[in-house]
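Coordinate inspection notes
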Amino acid sequence: TRFVVSLFVIAAVVFAAWWQWAPERAFEVMLAVLVISCPCALSLAIPTALGTSHGTLARLGVLSLRPDALDTLARADTLLIDKTGTLTEGSPSLEDLEVFGATTREQALAWVAALERESRHPLAAAFHGLDVVAARGVALHPGRGIEGEVEGRRLRVGRADFATGRQDDGAVWLGDGVRPHARLGFSDRPRADAAAAVSRLRALGLAPEMLTGDSGMAASLVAGATGIEAWRARQSPEAKLARVRELQAAGHVVAMVGDGINDAPVLAGADVSVAMAGGASLAHRSADLVLTGSALQRLP
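My aim in this report is to walk through the structure given alongside it, one point at a time. Here the structure is a predicted model, which is why all the values come from computation and not from measurement.

Moving on, we come to the pairing of strand β12 (residues 272–276). Two faces make up the sheet, and in a regular strand the side chains alternate between them. Within β12, five of the five residues are buried, leaving the element largely enclosed by the surrounding structure. Two strands pair when backbone bridges link them, and strand β11 (residues 254–258) and β12 are joined in this way by four bridges, in the parallel orientation. Each residue of the ladder has a partner; that of Met256, found in β12, is Ser273. Regarding the hand of the β-α-β motif, the stretch spanning β11, helix α11 (residues 264–269) and β12 is right-handed. Bridge count for β12 against strand β13 (residues 289–291) is three bridges, and the pairing is parallel. Its bridge partner lying in β13, Val274 is registered against Leu289. Crossover β12 to β13 through helix α12 (residues 281–286) is right-handed.

Another aspect to go through is the nonpolar core. Counting 27 residues, the largest nonpolar core has Leu79, Leu87, Met210, Ile228, Val257 and Leu299 as its most contacted members. Within the residue set of this core, elements represented by two or more residues are β2 (78–82), α8 (194–203), α9 (216–226), β11, β12 and β13. In terms of residue count, α8 provides more of this core than any other element does, four residues in total. In terms of nonpolar packing, the next biggest core, distinct from the first, is built from 19 residues, Leu109, Val112, Val150 and Leu184 among them.

All right, on to the sheet that holds strand β5 (residues 145–150) then. What holds strands together in a sheet is hydrogen bonding between their backbones, with the strands either parallel or antiparallel. Here we have six strands laid out as an open sheet, ordered β3-β8-β7-β6-β5-β4, and antiparallel in their pairing. Only two strands of the sheet have a single neighbouring strand rather than two, namely β3 (93–99) and β4 (135–141). Neighbouring strand axes in the sheet, compared pairwise and without regard to direction, differ in orientation by 15 degrees on average. Sheet analysis places β4 next to β5, joined by five bridges and oriented antiparallel. Residue Leu140 lies in a different strand from β5, and its bridge partner there is Ile146.

Looking at the secondary structure, you find Arg243 in helix α10 (residues 237–249). Those residues in contact with Arg243 that lie beyond four places of it in its chain are Leu80, Glu209, Leu211 and Arg232.

With that settled, the discussion passes to the packing of aromatic side chains. The final tally for this structure, using the stated rule, is three aromatic pairs. Aromatic side chains Phe100 and Trp173 sit 5.6 Å apart centroid to centroid with 10 degrees between the ring planes, which places their arrangement in the stacked category. Of this pair, Phe100 sits in the loop between β3 and α6 (105–116) while Trp173 is found in strand β7 (residues 172–175), placing the two residues 73 residues apart along the sequence. By relative accessible area, Trp173 is classed as buried at 5%. Looking at Arg156, its charged tip hangs above the ring of Phe162, at a distance of 4.6 Å from the centre. Seen from the ring of Phe100, Arg166 lies directly overhead, with NZ or CZ sitting 5.9 Å from the centre.

Here Asp288 is to be found in the loop between α12 and β13. For the pair Asp288 and Thr78, spaced 210 residues apart in sequence, the C-alpha separation works out to 16 Å. Beyond its immediate sequence surroundings of up to four residues, Asp288 is in contact with Leu63, Ser64, Leu65, Arg66, Ala69, Asp271, Val272 and Ser273. Within the structure, Asp288 has its side chain in polar contact with the backbone nitrogen of Ser273 (distance 2.8 Å).

Okay, the pattern of salt bridges next. Pairs can form between side chains of opposite charge once their charged atoms are near each other. Applying the stated criterion to the full structure yields 17 salt bridges. One salt bridge connects Lys83 with Asp214, and the closest N-O pair in it is separated by 2.9 Å. In this pair, Lys83 sits in helix α5 (residues 83–87) while Asp214 sits in the loop between β9 (209–211) and α9, placing the two residues 131 residues apart along the sequence. A single salt-bridge network, built from bridges that share partners, covers Glu209, Arg232, Arg243 and Glu246.

Conventions and cut-offs
- Residues numbered from 1 in each chain as written.
- Predicted model: local features only at pLDDT ≥ 70, side-chain atom pairs only at ≥ 80, totals over all residues.
- Heavy atoms only, no water.
- Buried < 20%, exposed > 50% of the residue type's maximum accessible area, 1.4 Å probe, protein only.
- Helix = DSSP H or I, 4+ residues; strand = E, 2+ residues; numbered from the N terminus.
- Pairing = 2+ DSSP bridges.
- Right-handed = clockwise from strand over helix to strand, strands pointing away.
- Core = buried A, V, L, I, M, F, W, Y, C linked by side-chain atoms within 4.5 Å.
- Axes fitted to C-alpha atoms, helices over the stretch in contact; angles between N-to-C directions.
- Contact = heavy atoms within 4.5 Å.
- Phe/Tyr/Trp six-rings, centres within 6.5 Å; stacked < 30°, edge-to-face > 60°.
- Lys NZ or Arg CZ within 6 Å of the ring centre and 35° of its normal.
- Polar contact = N/O pair within 3.5 Å; in protein donor to acceptor, adjacent residues only side chain to side chain.
- Salt bridge = Lys/Arg side-chain N within 4 Å of Asp/Glu carboxyl O.

Next comes the structure, spelled out in structure tokens:
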């Protein structure tokens, strides 16, 4: 009722104003105000605007999965971003392999490949194409590693404290939970346009903060190469979500960018989220927007 009464008052004021300035147009202007302001017109305007904007986004290589994603994105003042597969190409390569005890290089590779075959982590891509033995009873431990039975041995691959009981040193280890069998080093190059994208985001007032489950050394290398000043390493999915909650409690509107299964909780928990096209399906379902190509420049 208030809306209708207010609308008639505004229309009357508009009619009076136009009558003084251009009386021949006073009626049509008043009628236009009534037509475009009626509830039916407003209910048509919103989906029309959304359809047009989403079509434009699609041509730019961005798919919007939530109707309110653009509105929230416009209000975002804090940007969190994943490292592996987001800032980097997500195709790690094995750079170093050190074996211990009676374990041979061939055995270590076969055992790690057998376990990683059941994993969707980007590190698993480094072992694609290798002949592997069967692994049974495989269990994933997000943020820590993977374990299973291979050739009668219960083995673990992941952080040093998880795989060997040693202090975490940033590398990936193969062990039985107590003794080490091998230490593996990987490298993953930043995306070609990552530094330029970070620079443009900073110019928009959204200096990214990187959250990664990888070691501090790996995080610092990527942060230095891309120009990111704030970063947190060895972040479990729970820790990433806790960081989002901390920022939201401080009054920030948080945007999150990620690609992996481990990023699904934080993508769902952020105010607005963006997933990379090559990421996991679960990340896509948890995100509000999806970049359809590999170029990170689409983000700014």
